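Residue-level structure breakdown
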Amino acid sequence: MRLWARCRRVPRPLPVERDAHVPAFATRAPAKINLTLHVLGRRPGDGYHALESLVVFAGSNAGDLLALEPGPVLDLTVTGPTAGPAGPTDDNLVMRAARHLAAEIPNLKVGRFRLVKRLPVAAGIGGGSSDAAGALRLLGRLNGLSPDHPALMAAARRTGADVPVCLDPRARMMRGAGEALGPALTLAPLPAVLINPGVPVETAPVFRALGLTVGEAHPLAAQAHPALDGVEERDALIARILPARNDLEAPALTVAPVIGDTLAALRDQPGCRLARMSGSGATVFGLFGHRSAAVAAARAIAAAQAGWWVRATLLR
Ligand SMILES: C[C@@](CO)(OP(=O)(O)O)[C@H](O)COP(=O)(O)OP(=O)(O)OC[C@H]1O[C@@H](n2ccc(N)nc2=O)[C@H](O)[C@@H]1O
Ligand SMILES: Nc1ncnc2c1ncn2[C@@H]1O[C@H](COP(=O)(O)OP(=O)(O)O)[C@@H](O)[C@H]1O
C-alpha cells in the first residue's frame, strides 16, 4: 500500500508528445499555431485581412480527437473537457464542413461524428477549424476521395479562413485570407509551451481593433517576412522568426489584457527563447531549446496558475 501511496504522490509527468493510437475512421485535430502573423492590409471585396503567416501544428497532446461512424444520418456528439454545455450541434464547424462537402459531392456517404474537445475554444489555435478539417479528411476517406481532391479544399474554404491550412496539418506559409498555401516545410521540431488563460477571444473583434479601412495597407506591411527555405536546424529557425511579429498581438491585448500576463509568465521561464501570441489569441506559445526546459516551464506555470490551460508540446 505504502509503495502505491508513494507512487501516487509523484506528479504525473507532463506529456510532451504522446502518439496515442488512433483507429481507422478517426483523426487527431491538432492545434494550429501561427509562429508569425504579418497583416499586410485589408483587402477590397470581402474586407478580409491579407496575411503572411508561418503556420505549424502541435503534437498529439494538444489537439481534439474526431471519429466517424458511417451511417445514414449526418450527426455529431461532442464530449471532452472543453466541450462546453450540451446543445444543438448544427452550427458546429464539423457539421458546416460536412454540409459544404455534401454540396460538392452528390450522394456523399456520411455518418455520426464523435468529437472529443480538448482544446480551448476561441483561442487563436484553430480548434474549430482543425476539427472541421478533420471531418473533411474522414469524409474524404469514407467516400474514396484522394486527400488532394478539389472538393475537399473547396469545402474547406467555404467553412472558414483557417480550415484550408488545417486540411493537411504540416508546417507551411499561409497567405491571403488563408486560401494561398505554400508547400509543406521540413522544419526542426520546436519544443514549446502553450498557454491559454481561459478567456475566449473571438477573431473578428481583434481584426476590427486593427482599425484598417478596406483597401488600407498595414503600417508594417513593407517589412518583409523572413525567408524560411531550407531552415531546418532548430536554433537557426528560432533566430529566423525572432524578428518577425504577430500583428494581432497588440489589438488582442486591448481585448484581453491577461494575454500580457501569460507572455510574462513564459518570458520568466529559464530557457524561453521567444514568447508570442498565436493567431488572434488568447493562446500564447513559448519556444525552448530543449524539451526538458519546456516540460519544466510548463510544470512551473501550471503549478502557479491553476486556471490556465498549459501544454508542453512539439511544434512542427
Ligand atoms: C486569425 C487566424 C490566423 O490563422 O486564426 P485564429 O485566430 O482564428 O486561430 C485566422 O486568420 C482566422 O481564421 P478563422 O477563425 O477561420 O476566421 P473566420 O471564422 O473565417 O473569420 C472570422 C472573422 O475574422 C475576420 N477575418 C478573418 C480572417 C482574415 N484573414 N481576415 C479577417 O478580417 C473577418 O471579420 C471574419 O468574419
Ligand atoms: N468544433 C468546434 N470547436 C471549437 N469552436 C467551434 C467549433 N465549431 C464551432 N465553433 C465556434 O467557432 C468559434 C471558435 O473557433 P476556434 O477554431 O476554436 O477559434 P480559434 O480559431 O480562435 O482557435 C467559436 O465561436 C465557437 O463557438
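Above this text you will find the structure in question.
Here we summarise the structure given alongside this text. (Residues numbered from 1 in each chain as written. Chains lettered and ligands numbered in written order. Predicted model: local features only at pLDDT ≥ 70, side-chain atom pairs only at ≥ 80, totals over all residues. Heavy atoms only, no water.)

Some thoughts on the pairing of strand β1 (residues 26-30)
- For β1, a buried count of four out of five residues is recorded, marking the element as mostly surrounded by other parts of the structure.
- Pairing between β1 and strand β5 (residues 63-71): five bridges, direction antiparallel. By the bridge assignment for β5, A29 is matched with D64. (Buried < 20%, exposed > 50% of the residue type's maximum accessible area, 1.4 Å probe, protein only. Helix = DSSP H or I, 4+ residues; strand = E, 2+ residues; numbered from the N terminus. Pairing = 2+ DSSP bridges.)

Here we look at unusual backbone geometry
- Along the chain, G281 connects to A282 via a cis peptide bond; the corresponding omega equals 15 degrees.
- A positive phi angle is found at N107, which is not glycine, with a value near 55 degrees.
- Structurally, N107 is set in the loop between α2 (93-104) and β7 (110-116).
- Among the residues examined, N107 registers a relative accessible area of 77% and is labelled exposed.
- Even without being a glycine, A122 presents a positive backbone phi close to 50 degrees.
- Its place among the elements puts A122 in the loop between β7 and α3 (127-142).

Let's talk about the nonpolar core
- By size, the foremost hydrophobic cluster in this structure holds 63 residues, and its most contacted members are L101, F113, L136 and V193.
- Broken down by element, the residue count for this core peaks at seven residues, all from α3.
- With near-sequence residues (within four places) excluded, L136 lies in contact with A97, L101, L152, A155, A156, V163 and L167.
- Counting 26 residues, the second largest nonpolar core, distinct from the first, contains L187, L194, W309 and L315. (Core = buried A, V, L, I, M, F, W, Y, C linked by side-chain atoms within 4.5 Å. Contact = heavy atoms within 4.5 Å.)

Comments concerning α2
- Here α2 is 12 residues long and its end C-alpha atoms lie 17 Å apart, about the 16 Å a rise of 1.5 Å per residue gives.
- Looking only at α2, the buried set comprises V94, M95, A97, A98 and L101. Burial along α2 is one-sided: seen end-on, the buried residues are contained in an arc of 160 degrees.
- For α2, the elements touching its buried residues are β5, β6 (75-79), β7, α3 and α4 (150-159).
- The opening residue of α2 is N92, an N-cap whose side-chain oxygen sits 2.9 Å from the backbone nitrogen of V94. (Expected span 1.5 Å × (residues − 1). Arc of directions from axis to C-beta. Polar contact = N/O pair within 3.5 Å; in protein donor to acceptor, adjacent residues only side chain to side chain.)

Regarding the sheet that holds β5
- Read from one edge to the other, the open sheet built from four strands follows the order β1-β5-β7-β6, with strand pairing classed as mixed. Whereas interior strands pair on both sides, the edge strands pair on one side only; in this sheet they are β1 and β6. Direction aside, the axes of adjacent strands within the sheet are offset by 20 degrees on average.
- Relative to β7, β5 is paired through seven bridges, and the arrangement is antiparallel. Within the sheet, the bridge partner assigned to E69 lies in β7 and is R112. (Axes fitted to C-alpha atoms, helices over the stretch in contact; angles between N-to-C directions.)

Observations regarding the site of ligand 2
- In the region of ligand 2, 16 residues are neighbours, and K117, G124, G126, G128 and D131 sit closest.
- The contact in question runs from an oxygen atom of ligand 2 to an N or O atom on the backbone of S129, over 3.5 Å.
- Sort the elements by how many residues they give to the shell around ligand 2 and α3 lands first, with four residues.
- Split into classes, the residues belonging to the shell around ligand 2 amount to six nonpolar, seven polar and three charged. (Near = heavy atom within 4 Å. Nonpolar A, V, L, I, M, F, W, Y, C, P; charged D, E, K, R; others polar.)

Some thoughts on the site of ligand 1
- The environment of ligand 1 is made up of 20 residues, and the closest members are K32, H49, A161, D162 and S280.
- Taking H49, its side chain carries an N or O atom lying 2.8 Å from an oxygen atom of ligand 1.
- D162 has a polar side-chain atom sitting 2.8 Å from an oxygen atom of ligand 1.
- When the free accessible area of ligand 1 is taken as 680 Å², the share hidden by the protein chains comes to 80%.
- Where the shell around ligand 1 is concerned, the elements lending two or more residues are β2 (32-34), β4 (49-57) and α6 (203-209).
- Here the shell around ligand 1 gets three residues from one element, more than from any other, and that element is α6.
- A breakdown of the residues in the shell around ligand 1 according to their chemical character gives nine nonpolar, nine polar and two charged. (Areas by Shrake-Rupley, 256 points an atom, 1.4 Å probe, with all protein chains shown as cover.)

Observations concerning the sheet that holds strand β13 (residues 309-315)
- Reading across from one edge, β11-β12-β10-β13 is the order of the four strands in this open sheet, with antiparallel pairing throughout. Both edges of this open sheet fall to β11 (272-277) and β13, since each of them pairs with a single strand only. When strand polarity is set aside, the average angle formed by the axes of neighbouring strands in this sheet is 20 degrees.
- Relative to strand β12 (residues 284-288), strand β10 (residues 190-196) runs antiparallel, the two sharing four bridges. Bridge pairing in β12 links V193 to G286.
- Those strands touched by helix α9 (residues 258-267) are β10, β11 and β12, and its axis lies near 170 degrees from that of β11.

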